[in-house]
Amino acid sequence: MTIYQGISIILCLAGGFFFFAGTIGLLRFPDTYTRLHALTKADNLGLGFMVLGLAFVSGSIPEIIKLGLTWFLALIGSSSACYIIGNYMHYSSRTKDNEDGFGL
Amino acid sequence: MKMDSAFDLIIGLSLTGIAWRIIQARDHFQAIVLFITFGLLLSLAWTRLNSPDIAIAEAAVGAGLAGVLLMDTLGFMSSSRKQSKPSTSIPLLGACICLAGLTAYSILYIPVDFHGLSSEVQSALPQSGLKHPVTAVLLDFRGYDTWLELGVLLAAVLGVLCLGKTETINDSSLSASAEPVESWVIKILLPLIILIGGYLLWLGAFAPGGAFQAGVVLAAGGVMLWQAGHPFLRLIPRLWRQIIMCAGFASFLVLALWSLLYTEQLLTHPENKIWILGVEYAATLSIAMCLISLVSGSPARKRKYKKQ
């Protein structure tokens, strides 16, 4: 086992820890806002550590760029989806029109 | 090897578990979210089975666009939603178990050293001028199937457009989006979506990718723009939209007629790659346009936004 593989395993485990923590937060937190917080933070950090860990054992530069792009796109997607859901919750709780909040 | 089979086992068990949860789901929203999860896991399973083509298509269509369409329908239904308790009818359950048992039993009859038709496809691959067997099967060897699939898609869109009001497609400026975040996301994602769609289309000739995957990615960009209230559909004249929608089916039709006249066989195109490329590009455009129209032509839209 090379030193790169060791670093990669540690980083991937760190990523797995953040995913685990985020999942617990999603299941245990009381309302939508805190759940969103748990989910997005955990996804960004967890996926970031995993991408970093995989980059250490990847074969080529294009592969690393693709991995980085995956993380970048997931960051954009999750942060903006979080904003849209949070905004919707804020809007619908303000107008007391929460019947079709779809059980969020 | 041990780890791999453990991973496969987890995927298989979660797929079965989620399928069971979908049947048992109490409300529609839960069922749809579970269905999207099911699609994502299914694409993971296809990846494990070394079928990246189907995995991309499943993730894009099964999890992505089908999810959008189902959510849209839910928005339409939410006013008249009735909670019905899921009931399991015993004869139906029996029939399902019989079918599952027969399918499982048939696995015993697959010969161990069976490789399907892959060797035949590989040997005929040079004739098609393509390097990727899946694209060659879809667009050349079994072009007939792809042609009819495009026809099915076109028929579905025609049905939706007939049911929905004609102005819904023209009237795409919904809630005029002044949202800074949405326009920011669009500015970043749209160029990437167009790039990735083109890349998948170009990749189809020699690697996993192709018309369906590229079309769905482009359609996702269109749906994103449309959800944000961008009036891009209005910028394309209606006639052009209709032409683009029919382009894939029509190009296959032209190819079929042309080959019928010259070689007296349906859909045998000449050696050169231009035919395949033309059909593939036309199919991509019309798949993208059809899927956007499926989403935007739904009658749910107007009611949903009247409230705000």
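Cut-off values and rules
Residues numbered from 1 in each chain as written. Chains lettered and ligands numbered in written order. Predicted model: local features only at pLDDT ≥ 70, side-chain atom pairs only at ≥ 80, totals over all residues. Heavy atoms only, no water. Helix = DSSP H or I, 4+ residues; strand = E, 2+ residues; numbered from the N terminus. Buried < 20%, exposed > 50% of the residue type's maximum accessible area, 1.4 Å probe, protein only. Contact = heavy atoms within 4.5 Å. Salt bridge = Lys/Arg side-chain N within 4 Å of Asp/Glu carboxyl O. Polar contact = N/O pair within 3.5 Å; in protein donor to acceptor, adjacent residues only side chain to side chain. Phe/Tyr/Trp six-rings, centres within 6.5 Å; stacked < 30°, edge-to-face > 60°. Arc of directions from axis to C-beta. pLDDT = per-residue confidence, 0-100. 1 Å grid on protein atoms, 1.4 Å probe; cavity = no way out; pocket = protein on both sides within 12 Å on 5 of 7 lines; lining within 4 Å. Points joined across faces, edges and corners; volume = space filled by probe spheres on them. Nonpolar A, V, L, I, M, F, W, Y, C, P; charged D, E, K, R; others polar. Expected span 1.5 Å × (residues − 1). Axes fitted to C-alpha atoms, helices over the stretch in contact; angles between N-to-C directions. Parallel < 35°, antiparallel > 145°, perpendicular 65-115°, else oblique. Left-handed = near helix turned anticlockwise from the far one by under 90°. Patch = residues over 30% accessible without salt bridge, like charges linked within 9 Å, V, L, I, M, F, W, Y side chains within 5 Å. Areas by Shrake-Rupley, 256 points an atom, 1.4 Å probe, with all protein chains shown as cover.

On a plain count of helices and strands, chain B comes out with 14 helices and zero strands. For chain B, the sequential pattern of α-helices and β-strands runs α-α-α-α-α-α-α-α-α-α-α-α-α-α. The burial tally for chain B puts 35% of its 308 residues in the buried class. Taking the intrachain contacts of chain B between residues at least 6 apart in sequence as the baseline, contacts between residues at least 24 apart amount to 74%.

Bringing the pattern of salt bridges into the picture now. Residues and elements named next belong to chain B. Enumeration according to the criterion identifies two salt bridges over all chains in this entry. Here Asp8 ties to Arg48 by a salt bridge, and the two come within 2.6 Å at their closest N and O atoms. On the criterion of sequence distance, the pair formed by Asp8 in helix α1 (residues 2–24) and Arg48 in helix α2 (residues 28–48) is long-range, its members being 40 residues apart. In this structure Asp8 comes out as partly exposed when scored by relative accessible area, which is 34%.

All names here are of chain B. Checked against the element boundaries, Gln213 lands in helix α10 (residues 211–227). Within polar-contact distance, the side chain of Gln213 engages the backbone oxygen of Asp53 at 2.8 Å. For Gln213, the contacting residues outside a window of four places in its chain are Asp53, Ile56, Ala57 and Leu200.

What follows covers the packing of aromatic side chains. Ring pairs (aromatic) are described by centroid distance and by the angle formed between their planes. On inspection of all chains with the given rule, the structure shows seven aromatic pairs over all chains. Every member of this aromatic cluster is reached through a ring pair, and the members are Phe17(A), Phe18(A) and Phe49(A).

This part takes up helix α6 (residues 133–141) of chain B. Residue and element names in this part refer to chain B. Of the residues making up α6, those classed as buried are Thr135, Ala136, Leu139 and Asp140. Looking straight down α6, one finds that the buried residues subtend no more than 100° of arc, so they occupy a single side. As for α6, its buried residues are in contact with α5 (118–128), α7 (143–163), α12 (238–263) and α13 (274–296).

Our focus in this paragraph is the confidence of the model for chain B. Should pLDDT be low for a region, the predicted coordinates there are not to be read in detail. Residue and element names in this part refer to chain B. Residue-level pLDDT values for chain B average 80, and 85% of them are 70 or greater. Across chain B, α2 holds the top mean pLDDT of 91, while helix α14 (residues 300–306) sits lowest at 47. Contacts of residues 168–177 to residues separated by more than four positions or lying in other chains number 30 contacts, the stretch itself having pLDDT below 50. When the criterion is pLDDT under 50, residues 302–308 qualifies, and its contacts beyond four places in sequence or with other chains add up to 13 contacts. Scored as a complex, the prediction yields pTM 0.79 and ipTM 0.77.

Here the focus is empty space enclosed by the protein. Residue and element names in this part refer to chain B. In the structure shown here, the tally under the stated rule is one cavity of 30 Å³ or more. For the largest cavity, the calculated volume is near 40 Å³. Breaking the lining of the largest cavity down by element, the ones donating at least two residues are α7, α12 and α13. In terms of residue class, the lining of the largest cavity is made up of seven nonpolar, two polar and no charged.

All names here are of chain B. Here α10 spans 24 Å end to end across 17 residues, near enough to the 24 Å set by a 1.5 Å rise per residue. A large share of α10 lies buried, amounting to 13 of its 17 residues. Immediately beyond the C-terminal end of α10, within one or two residues, lies Gly229, with a positive phi of roughly 90°.

In this section: the packing of helix α3 (residues 52–77) of chain B against α13(B). When two helices pack together, their arrangement is given by the angle between the helix axes and the distance between those axes. All names here are of chain B. At a minimum axis separation of 10 Å, α3 and α13 run at an interaxial angle of 20°. It follows from the interaxial angle that α3 and α13 lie roughly parallel. Taken as a pair, α3 and α13 cross one another with a handedness that is left-handed. Along its contact with α3, which presents Leu65, Val68, Leu69 and Asp72, the element α13 presents Leu291, Leu294 and Val295.

This next bit is on the layout of surface pockets. Residue and element names in this part refer to chain B. Computed from the structure, the second largest pocket encloses a volume of approximately 600 Å³. Taken together, 29 residues form the lining of the second largest pocket, with Ala57, Leu138, Glu149, Phe212 and Gln213 sitting closest to its centre. Class assignment of the residues belonging to the lining of the second largest pocket gives a composition of 18 nonpolar, eight polar and three charged.

On to the side chain of Ser251(B). All names here are of chain B. Looking at where Ser251 falls in the secondary structure, it is placed in helix α12. Its relative accessible area of 15% is what places Ser251 among the buried residues. Discounting residues that sit within four places of it in the chain, Ser251 has contacts with Val279 and Ala282.

What follows concerns a nonpolar patch on the surface. Residues and elements named next belong to chain A. Residues Ile3, Tyr4, Leu52, Leu54, Phe56 and Val57 make up a contiguous nonpolar surface patch of roughly 570 Å² in combined accessible area. Counting only elements with at least two residues in the nonpolar patch, the list comes to α1 (3–28) and α2 (32–57). A per-element tally of the nonpolar patch places α2 first, with four residues. By secondary structure assignment, the location of Leu52 is in helix α2.

Moving on, we get to the environment of Gly46(A). Its location among the elements puts Gly46(A) in helix α2. What makes Gly46(A) buried here is its relative accessible area of 0%.

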